[in-house]
Amino acid sequence: MGGRVDGKVAFVTGAARGQGRSHAVRLAEEGADIIAVDICGPVATESQIEPSTPDDLAETADLVKKLDRRIVAVEADVRDHDALKAVVDSGVEQLGRLDIIVANAGIGNGGQTLDKTSEVDWQDMIDVNLAGVWKSVKAAVPHILSGGRGGSIILTSSVGGLKPYAHTGHYIAAKHGVIGLMRTFAVELGQHSIRVNAVCPTNVNTPLFMNEGTMKLFRPDLENPGVDDLAVAAQFMHVLPVGWVEPVDVSNAVLFLASDEARYITGLPVTVDAGSMLK
């Protein structure tokens, strides 16, 4: 098909690697220019996951440029509204407009039951995965409004935004909150022809999932579980015979929701879950 978002500009958070990078590249493949942000450093105080780096964000920028699309890539923390606003303001000044927001940045930490979750873990999770999504839209949506052409906003939730899982209660709470943000933004912005939806992936093959902590969470019966051990346990979550999906599988849903093919779709949680919601 090609050119499904040709001539449009997308703001993507958490773009240095993982799903964010995949979303930026997939949108660029279909014609969009990109405003990309990532903290490129440690986020959660108690997280064991290696953080993204400036080199990661630079690689995302290179991948977009190789597609002959423009990109403004800046290090910024989604917890800092003023920093986000400065990035988007500068990006729109350089690229000329804004049509799409992909509020994707997020973290995973913890592994405790809710009654044992530390206040630090709880606050980091809510600040990034919920408040950061709100701040990202708040900082960017004035540019879509001023354009007067309508637009599309896609928030990254999770199957954990639609049903609970044990030992990740703070994550579950944040991702349920994202669904509430999505539905409220959809109601408030619909009069301006701005559509707001959420993608709700299951496990995704990114550093946020593929790490030692996740493997031990899924396979507490093993001393040193590996990827194959994780796959055995993770597959039980799904109807389809897989333990996880790839970033591009989520990006294809993001692209659809950003495109005019979804012009009358708003307020919808779109699952990319290998049938997880059926179990």
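Structure first, text after, so check above.
Small disclaimer: the values here were computed from a predicted structure and weren't measured.

S.K.: Tell me about the side chain of Arg21, residues and numbers included.
M.R.: Mapped onto the elements, Arg21 comes out in helix α1 (residues 18–29). With a relative accessible area of 17%, Arg21 lands in the buried category. Here the side chain of Arg21 touches Asp56 through a polar contact of 2.9 Å, landing on its backbone oxygen. The contacts of Arg21, once residues within four sequence positions are left out, are Gly14, Ala15, Ala16, Asp56, Glu59, Thr60 and Leu63.

S.K.: Explain the packing of α1 against helix α8 (residues 247–258) to me, using residue names and the numbers behind them.
M.R.: Their axes nearest at 9 Å, the elements α1 and α8 cross at an angle of 50°. Considered as vectors, α1 and α8 are oriented oblique to each other. For the pair α1 and α8, the crossing hand works out as right-handed. Within the contact between the two elements, α1 uses Gly18, Gln19, Ser22, His23, Arg26 and Leu27 and α8 uses Pro247, Val248, Val250, Ser251, Asn252, Val254, Leu255 and Ala258. Classifying every residue of the contact of α1 with α8 gives seven nonpolar, six polar and one charged.

S.K.: Pulling in residues and values, what's your account of the packing of helix α4 (residues 119–147) against helix α5 (residues 169–189)?
M.R.: Where α4 contacts α5, the two axes come as close as 9 Å, and the packing angle between them is 20°. Considering their axes alone, α4 and α5 lie roughly parallel with respect to each other. Classified by chirality, the crossing of α5 by α4 is right-handed. From α4, Asp121, Trp122, Met125, Ile126, Asn129, Leu130, Val133, Trp134, Val137, Val141 and Leu145 reach across to α5, where they touch His170, Tyr171, Ala173, Ala174, Lys175, Gly177, Val178, Leu181, Phe185 and Leu189. For the contact of α4 with α5, the residue count by class is 16 nonpolar, three polar and two charged.

Cut-offs applied
- Residues numbered from 1 in each chain as written.
- Predicted model: local features only at pLDDT ≥ 70, side-chain atom pairs only at ≥ 80, totals over all residues.
- Heavy atoms only, no water.
- Helix = DSSP H or I, 4+ residues; strand = E, 2+ residues; numbered from the N terminus.
- Buried < 20%, exposed > 50% of the residue type's maximum accessible area, 1.4 Å probe, protein only.
- Polar contact = N/O pair within 3.5 Å; in protein donor to acceptor, adjacent residues only side chain to side chain.
- Contact = heavy atoms within 4.5 Å.
- Axes fitted to C-alpha atoms, helices over the stretch in contact; angles between N-to-C directions.
- Parallel < 35°, antiparallel > 145°, perpendicular 65-115°, else oblique.
- Left-handed = near helix turned anticlockwise from the far one by under 90°.
- Nonpolar A, V, L, I, M, F, W, Y, C, P; charged D, E, K, R; others polar.

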